[in-house]
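# Summary of the model geometry
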2 protein chains.
Amino acid sequence: MSTLVKKCNSVVPDIIARAAQKEGIDGKELALAIAKGKAVVPANPAREHDPIAIGEGCTVKVNVNIGTSGARCDPEYEYNKAACAIAEGADAIMDLSTGGDLKEIRKKILTLNATTGTVPIYEAVKRAGNALDVTPDLLFSIIREHCKEGVDFLTLHCGVNKESYESLRKDPRVTGVVSRGGAFHTAIIATTGEENPLYSEYDYLLEILAENETIISLGDGMRPGAVIDAGRRAKSTEYLTLGDLSQRALEAGVQRIIEGPGHIPIDQIDYNVRFIKEVTGNAPLYLLGPLVTDIFPGYDHVSGAIGGSIAAMSGADFLCMVSPSEHLALPDIDDIREGTRVAKLAAHVGDRGRKGDKWFDKGETGMAFARRNLDWNAQFSHAVYGDYARSIHDRDGETETCSMCGDLCAIKILKECLENRN
Amino acid sequence: MSTLVKKCNSVVPDIIARAAQKEGIDGKELALAIAKGKAVVPANPAREHDPIAIGEGCTVKVNVNIGTSGARCDPEYEYNKAACAIAEGADAIMDLSTGGDLKEIRKKILTLNATTGTVPIYEAVKRAGNALDVTPDLLFSIIREHCKEGVDFLTLHCGVNKESYESLRKDPRVTGVVSRGGAFHTAIIATTGEENPLYSEYDYLLEILAENETIISLGDGMRPGAVIDAGRRAKSTEYLTLGDLSQRALEAGVQRIIEGPGHIPIDQIDYNVRFIKEVTGNAPLYLLGPLVTDIFPGYDHVSGAIGGSIAAMSGADFLCMVSPSEHLALPDIDDIREGTRVAKLAAHVGDRGRKGDKWFDKGETGMAFARRNLDWNAQFSHAVYGDYARSIHDRDGETETCSMCGDLCAIKILKECLENRN
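Residues numbered from 1 in each chain as written. Chains lettered and ligands numbered in written order. Predicted model: local features only at pLDDT ≥ 70, side-chain atom pairs only at ≥ 80, totals over all residues. Heavy atoms only, no water.

### Description of the nonpolar core
In this structure, Ile-143 and Leu-205 of chain A together with Ile-143 and Leu-205 of chain B are the most contacted members of the largest nonpolar core, which totals 216 residues. Other than its neighbours up to four places away in sequence, Leu-205 of chain A contacts Phe-140, Ile-143, Leu-156, Cys-158, Leu-198 and Ile-216 of chain A. (Core = buried A, V, L, I, M, F, W, Y, C linked by side-chain atoms within 4.5 Å. Buried < 20%, exposed > 50% of the residue type's maximum accessible area, 1.4 Å probe, protein only. Contact = heavy atoms within 4.5 Å.)

### Here we look at helix H4 (residues 75–87) of chain B
Residues and elements named next belong to chain B. Compared with the 18 Å implied by 1.5 Å per residue over 13 residues, the 18 Å span of H4 between its first and last C-alpha is a close match. Tucked inside the fold, the buried residues of H4 contact strand S3 (61–66), strand S4 (92–95), helix H5 (102–109) and helix H15 (333–355). The N-cap residue of H4 is Asp-74: its side-chain oxygen and the backbone nitrogen of Glu-76 are 3.1 Å apart. One or two steps after H4, the chain reaches Gly-89, where phi turns positive at roughly 110°. (Helix = DSSP H or I, 4+ residues; strand = E, 2+ residues; numbered from the N terminus. Expected span 1.5 Å × (residues − 1). Polar contact = N/O pair within 3.5 Å; in protein donor to acceptor, adjacent residues only side chain to side chain.)

### Overview of the packing of aromatic side chains
A complete count under the given rule lists 20 aromatic pairs over all chains for this structure. One aromatic cluster is present, built from ring pairs that chain together Phe-296 and Tyr-299 of chain A together with Tyr-385 and Tyr-388 of chain B. Above the face of the Tyr-79 of chain A ring, Lys-108 of chain A is positioned so that its terminal group lies 4.5 Å from the ring centre. (Phe/Tyr/Trp six-rings, centres within 6.5 Å; stacked < 30°, edge-to-face > 60°. Lys NZ or Arg CZ within 6 Å of the ring centre and 35° of its normal.)

### Brief notes about the interface of chain A and chain B
In this assembly, 94 residues from chain A lie in contact with 94 residues from chain B. Around 8300 Å² of area is buried between chain A and chain B when both sides are counted, 71% of it from carbon and sulfur atoms. Of all residues in chain A, the largest losses of buried area upon contact with chain B belong to Ile-295, Tyr-299 and Met-404 of chain A, amounting jointly to 9% of the total for that side. In this assembly, chain A and chain B are joined by 10 salt bridges. For Arg-395 of chain A, the salt bridge is made with Asp-332 of chain B, and the minimal N-O distance between the two is 3.3 Å. (Buried area = accessible area lost by both parts, 1.4 Å probe. Salt bridge = Lys/Arg side-chain N within 4 Å of Asp/Glu carboxyl O.)

### Section: the relation of the copies chain A and chain B
Placing chain A over chain B gives an RMSD of 0.0 Å and needs a rotation angle of 180°, together with 0.0 Å of translation along the axis. Considering both components of the superposition, the chain copies are consistent with a two-fold axis. Taking C-alpha positions as reference, the residue of chain A nearest the rotation axis is Ile-306 of chain A, located at 2.4 Å. Same-surface contact between copies: 100% of interface residues of chain A are shared with the interface of chain B. (Least-squares fit on C-alpha atoms with pLDDT ≥ 70 in both.)

### Brief notes about the sheet that holds strand S8 (residues 256–260) of chain A
Residues and elements named next belong to chain A. Spatially, S3-S4-S5-S6-S7-S8-S9-S10 is the arrangement adopted by the 8 strands of the closed barrel, whose pairing is parallel. Pairwise comparison of adjacent strand axes, ignoring direction, gives a mean angle of 25° for this sheet. Strand direction decides the pairing type here: strand S7 (residues 215–218) and S8, joined by 3 bridges, are parallel. Bridge assignment links Ser-217 to a residue of S8, and that residue is Ile-257. Its contacts with the sheet put helix H15 (residues 333–355) on strand S3 (61–66) and strand S10 (318–320), and the angle it makes with S3 is roughly 160°. (Pairing = 2+ DSSP bridges. Axes fitted to C-alpha atoms, helices over the stretch in contact; angles between N-to-C directions.)

### Overview of the state of the cysteines
Considering all chains together, one arrives at 0 disulfides over all chains under this definition. Looking at the unpaired Cys-320 of chain A, the closest cysteine sulfur is the one in Cys-405 of chain B, lying at 13 Å. By relative accessible area, which is 6% here, Cys-320 of chain A ends up buried. (Disulfide = S-S within 2.5 Å.)

### Overview of the packing of helix H2 (residues 14–23) of chain B against helix H3 (residues 27–35) of chain B
Residues and elements named next belong to chain B. Contact geometry for H2 and H3: axes closest at 8 Å, N-to-C directions at 115°. When you trace H2 past H3, the crossing you get is right-handed. On H3, the residues that touch Ile-16, Ala-19 and Ala-20 of H2 are Gly-27, Leu-30, Ala-31 and Ile-34. In the contact of H2 with H3, the residues fall into 6 nonpolar, 1 polar and no charged. (Left-handed = near helix turned anticlockwise from the far one by under 90°. Nonpolar A, V, L, I, M, F, W, Y, C, P; charged D, E, K, R; others polar.)

### Some points on the environment of Gly-57 of chain B
Residues and elements named next belong to chain B. The residue Gly-57 is located in the loop between strand S2 (54–55) and S3 in this model. Residue Gly-57 is classed as partly exposed on the basis of its relative accessible area, which comes to 48%. Considered as a pair, Gly-57 and Asp-95 are 38 residues apart in the sequence and their alpha carbons are 27 Å apart. When residues no more than four places from it in sequence are discounted, the contact partners of Gly-57 are Glu-23 and Ile-25.

### Let's talk about helix H3 (residues 27–35) of chain A
Where H3 of chain A is concerned, the buried positions are Gly-27, Leu-30, Ala-31, Ala-33, Ile-34 and Ala-35 of chain A. Contacts made by the buried residues of H3 of chain A are with helix H1 (3–8), helix H2 (14–23), strand S1 (39–40) and helix H12 (234–251) of chain A.

### Points about the pattern of salt bridges
Applying the stated criterion across every chain, the model contains 66 salt bridges over all chains. Measuring nitrogen to oxygen at the nearest pair gives 3.9 Å for the salt bridge that ties Arg-371 of chain B to Asp-294 of chain A. With Arg-371 of chain B in helix H16 (residues 364–372) and Asp-294 of chain A in the loop between strand S9 (285–288) and helix H14 (300–314), this pair bridges two chains. Pair check on accessibility: Arg-371 of chain B and Asp-294 of chain A agree, each one buried. The closest approach of N and O atoms between Arg-352 of chain A and Asp-357 of chain A, which form a salt bridge, is 3.2 Å. Taking relative accessible area as the criterion, Arg-352 of chain A reaches 4% and is therefore assigned buried. Classification of Asp-357 of chain A by relative accessible area gives exposed; the value is 53%. Through salt bridges with shared partners, a single ionic network connects Lys-103, Arg-106, Glu-123, Arg-127, Glu-145 and Glu-149 of chain A.

### Overview of the pairing of S7 of chain A
Each regular strand displays side chains that alternate between the two surfaces of the sheet. Residues and elements named next belong to chain A. Burial of S7 is two-sided: the residues Ile-215 and Ser-217 facing one way and the residues Ile-216 and Leu-218 facing the other way are all buried. The pairing of strand S6 (residues 153–156) with S7 spans 4 bridges and is parallel. In the strand pairing of S7, Leu-154 is matched with Ile-216. With H12 bridging S7 and its parallel neighbour S8, the resulting β-α-β unit is right-handed. (Right-handed = clockwise from strand over helix to strand, strands pointing away.)

### A word on the side chain of Glu-78 of chain B
Residue and element names in this part refer to chain B. For Glu-78, the location among the structural elements is in helix H4. A relative accessible area of 2% means that Glu-78 is categorised as buried. Of note is the side chain of Glu-78, whose polar atom sits 2.9 Å from the side chain of Lys-81. Ignoring any residue separated from it by four or fewer positions in sequence, one finds Glu-78 in contact with Ile-66, Gly-67, Thr-68, Ile-109 and Leu-330.

### Side note on the confidence of the model for chain A
Confidence in the prediction of chain A, expressed as mean pLDDT, is 95, and 99% of residues score 70 or more. Among the scores for the predicted complex, ipTM is 0.97 and pTM is 0.97. (pLDDT = per-residue confidence, 0-100.)

### Side note on the pairing of S9 of chain A
Residue and element names in this part refer to chain A. Pairing geometry for S8 and S9, over 3 bridges, is parallel. Within the sheet, the bridge partner assigned to Gly-260 lies in S9 and is Leu-287. This β-α-β element, S8 to helix H13 (residues 269–279) to S9, shows right-handed connectivity. This β-α-β element, S9 to H14 to S10, shows right-handed connectivity.

### Regarding the sheet that holds strand S10 (residues 318–320) of chain B
Residue and element names in this part refer to chain B. Read around the closed barrel, the 8 strands follow the order S3-S4-S5-S6-S7-S8-S9-S10; overall the barrel is parallel. Going across the sheet, the axis of each strand differs from the next one's by a mean of 25°, ignoring polarity. In this sheet, S10 lies alongside strand S9 (residues 285–288) in parallel orientation, the contact comprising 3 bridges. Considered in S10, the bridge of Tyr-286 is made with Phe-318. Its contacts with the sheet put H15 on S3 and S10, and the angle it makes with S3 is roughly 160°.

This is the structure we're talking about:
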């Protein structure tokens, strides 16, 4: 059992107190939520950074994926992307690098003050040269390395097993498997017939993670890759398995997150989120998207913001940023900036479900008064991306009203009319 | 009674047949929906353009606002903005010009092949020089002029009356009145104590509209201007009035649209839409936004896409594009392009609620197969903005996979693995 989780049953460990303070919630409540597996604080003790809390009682968080690929590999550029995401408000970073010296890239990313995750199977495949040559020993030794280096949460596709593969075969999908990690494990199962070691040796995996105070993010390797595939069985089979694995992690005192879809039509988001939350014992839920349409490539960040805000309203805790270049190219810095901002917007909107009318305190009230008063400086200071807003406003000069209505500003008209009456 | 509406009770007028064909629905059904006031086809016979249908049984439509202001006034540029919006898929254009020669600008916009709306009170105020100097005669004569020129739908704030103003006074809002038209009428009521002529002489107004086969868009001058104001009474008082006016328009055989908010927290959208639909006899509902947060200026197009897609799922029929420069500046062409694309995305996502699984036919299935086959040309052809998507993909060269995953493409991995098995 993780020492941190054990402590949470009786005291408020310092790292939890710090995360709770940042959240504006009670440390004891957060510690209890962690002990019950309803919240997590990913904080690998091998490294120092400001901790964040994810889950029950906490605001919705945003993760931003960065990382090289075989086609584009400049470690310095990826580092700058991560730094940009953090500057724009990302709560966590995942390094999904698959090209270049992965250890060096990771080392550099881990110098940033941010909760950081990785996907060890990527490095395993790269080192082995091929998914089929990844041995359980290699995979577990890489997992251990990531833990020792201070990675806070690891995506591990433990639910891609013979059963979910069988479910996929019986009820096939147009896009098959689109999770990269999921595809590696599926390829091994399909070719060798051998069970996924992350599933068959799950207890051993939990031991490694507990020992290193590292969080498991139970990957959804069977997530649908198109809205048209959302209703097929494989994902639900995998979620039932993830439910078992979630319970076993809780019993082993290992903090865990559940990863969720993917591509889901807008009217199916609510029940999917509630279903996953139910079968996993209300573990913190980490979503990629969900994307609500596939025919707007170039605008998947907006598609993901629609899905993400609805999912967060239904209970999702952690949104993975989708960039404008999703499905098209490795994101550049502009994609990361735009994607992060839009994901932060979705997370804030989703917070409405958690905060009720207290949500209005989060800048919304201040903005309403600033607008009523035509106080532009106050508007920019209440704006989450105020400098950007100012740059749009100022392109037509600095005036009392904005160029949208000019002198025919509704607020100005009524203000003057009421002043003239007095 | 409008000749078109009268005909709809017995036959399928040619213009209705054309709109139905574009929609892929039965002409008789559409004619019946129009006769019952559940759908509209805005098509002023004074001008020729391809008609669109809005409301029951139809896909969700997108309007794009363009128009000069006192601060920025280049008629040619506004025309280009309108042309850009139409090229990007806008279903209708509203000319909200308040600066320059309004008649000339309108004339130019009306040469475009698009359903077009205006807000006559703007011109009335501009001609009178001041809202308080607008006489009923001036306002009605301008309305008549717009009808004669071929404008298809007119936003008229008939619900801003003494009662809704009293409701606003009793339950004040931080941002007061933010509708420009609403502010003009409120200023007159507040200063002179006289009733809004659009309300007191509503029957006369309906006669003008029926005579000219022009649609009334019942403006929501009391829409909230901030999410924090969404729960205040004025808007609901106005909707009850709009419900009466909606019924009277139906009885007078005048096609009508109801305009809706505005700024609404995400969890309040569904019941607002259903409430408005209920009290207005399921008249076609035209929404601005709704914006679900106020603290992301520069990203109001995304805020509006979240609100708009949810509202459309709940029954809204017609979405007004919100541009990235909303609340900051008059939109430029880039804002119009970005805003229109994002609004089209929201409308498509909202269509899911109308189409059920038939929605998958709208390119979604084709895209899933194109992705499965790594067929980039097919992906770009199924994409709504395919050239833009291609430009993102091609920035890293034209390859079988994309630069996001490079050779470690999940789809490619499984494809090769399964091919090797055979």
